[in-house]
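# Examining the three-dimensional arrangement
One letter stands for each residue in the lines below.
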Amino acid sequence: MSAPPDRPRLAGQLYGRRRSGRPARLTAVGTGVVALAATVAVAGLDRLAFGAPGVLFGIGYLLVCFQLAVRVRYADLLAAPISGPIAFAVALLLFGPVTSTGFTAQLVALATNLATRSGWLFSGTGLAAAIVLARFVAQRRIHRAR
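Residues numbered from 1 in each chain as written. Predicted model: local features only at pLDDT ≥ 70, side-chain atom pairs only at ≥ 80, totals over all residues. Heavy atoms only, no water.

Right, let's get into the packing of aromatic side chains. Counted under the stated rule, the structure contains three aromatic pairs. Relative to Phe136, the ring of Tyr74 has its centre 6.3 Å away and its plane inclined at 5°; by these criteria the two rings are stacked. With Tyr74 in the loop between α2 (55–71) and α3 (79–95) and Phe136 in helix α5 (residues 118–145), this pair connects stretches of sequence that are 62 residues apart. Taking the relative accessible area as the measure of exposure, Tyr74 reaches 32% and is therefore partly exposed. The partly exposed category is assigned to Phe136, whose relative accessible area is 38%. Members of the aromatic cluster, each reached through a chain of ring pairs, are Phe57, Tyr61 and Phe88. (Phe/Tyr/Trp six-rings, centres within 6.5 Å; stacked < 30°, edge-to-face > 60°. Helix = DSSP H or I, 4+ residues; strand = E, 2+ residues; numbered from the N terminus. Buried < 20%, exposed > 50% of the residue type's maximum accessible area, 1.4 Å probe, protein only.)

Structure (structure tokens):
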């Protein structure tokens, strides 16, 4: 389909918008939604494949935290290290092993699952925090140089 003769098509333009080649940035709300959806999906997949969230869930969480920290907007940098652990807890609440029924049992099971998987939780959160801190410092240096 060609462009109308009165509006020539510019190089790199698609449907009236210019493409910059850079990936789309996530807002704070988008970061939370992506973190929750991806972490719950990985936990569900791990439970389906292996019966309970385990190593696949941990590696998936690390990848989610990395992507969140890299793709979040500069104005919303704090959302990446905050939304990851919340999504981790929700995923464990939904897919973690529970030995009995009731609200108290769910709460105890969540606390136990968070404690036994704390290595993955702290690694992913620390990774996101380190990347966000590096991005913040780099951006401040760029602004200071101008």
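There is more to say, and it comes next.
Looking now at the environment of Thr31. Note that Thr31 resides in helix α1 (residues 28–50). Residues Thr31 and Gln67, 36 residues apart in the sequence, show an inter-C-alpha distance of 9.6 Å.

Right, let's talk about the packing of α3 against helix α4 (residues 103–116) for a bit. Relative to each other, α3 and α4 sit at 125°, their axes nearing to 9 Å. Regarding the angle of α3 to α4, the classification is oblique. Crossing of α3 against α4: the hand is right-handed. Two secondary-structure elements touch here, α3 through Phe88, Ala89, Leu92 and Leu93 and α4 through Gln106, Leu110, Asn113 and Leu114. (Axes fitted to C-alpha atoms, helices over the stretch in contact; angles between N-to-C directions. Parallel < 35°, antiparallel > 145°, perpendicular 65-115°, else oblique. Left-handed = near helix turned anticlockwise from the far one by under 90°. Contact = heavy atoms within 4.5 Å.)

Turning our attention to the layout of surface pockets. Reported here for the second largest pocket is a volume of approximately 160 Å³. Lining the second largest pocket are Arg22, Arg25, Tyr74, Arg135, Ala138, Gln139 and Ile142. Broken down by class, the residue content of the lining of the second largest pocket amounts to three nonpolar, one polar and three charged. (1 Å grid on protein atoms, 1.4 Å probe; cavity = no way out; pocket = protein on both sides within 12 Å on 5 of 7 lines; lining within 4 Å. Points joined across faces, edges and corners; volume = space filled by probe spheres on them. Nonpolar A, V, L, I, M, F, W, Y, C, P; charged D, E, K, R; others polar.)

To continue, consider the side chain of Ser83. Locating Ser83 in the fold gives a position in helix α3. Those residues in contact with Ser83 that lie beyond four places of it in its chain are Thr31, Gly32, Ala35 and Leu68.

For the protein chain, the average pLDDT comes to 86, and 85% of its residues sit at 70 or higher. Across the protein chain, α2 holds the top mean pLDDT of 94, while strand β1 (residues 13–14) sits lowest at 52. (pLDDT = per-residue confidence, 0-100.)

Between side chains of opposite charge, a pair can form as their charged atoms come close. Within the structure shown, the criterion is met by one salt bridge. Salt-bridge contacts for Arg73 lead to Asp76; the nearest nitrogen and oxygen are separated by 2.8 Å. Taking relative accessible area as the criterion, Arg73 reaches 35% and is therefore assigned partly exposed. (Salt bridge = Lys/Arg side-chain N within 4 Å of Asp/Glu carboxyl O.)

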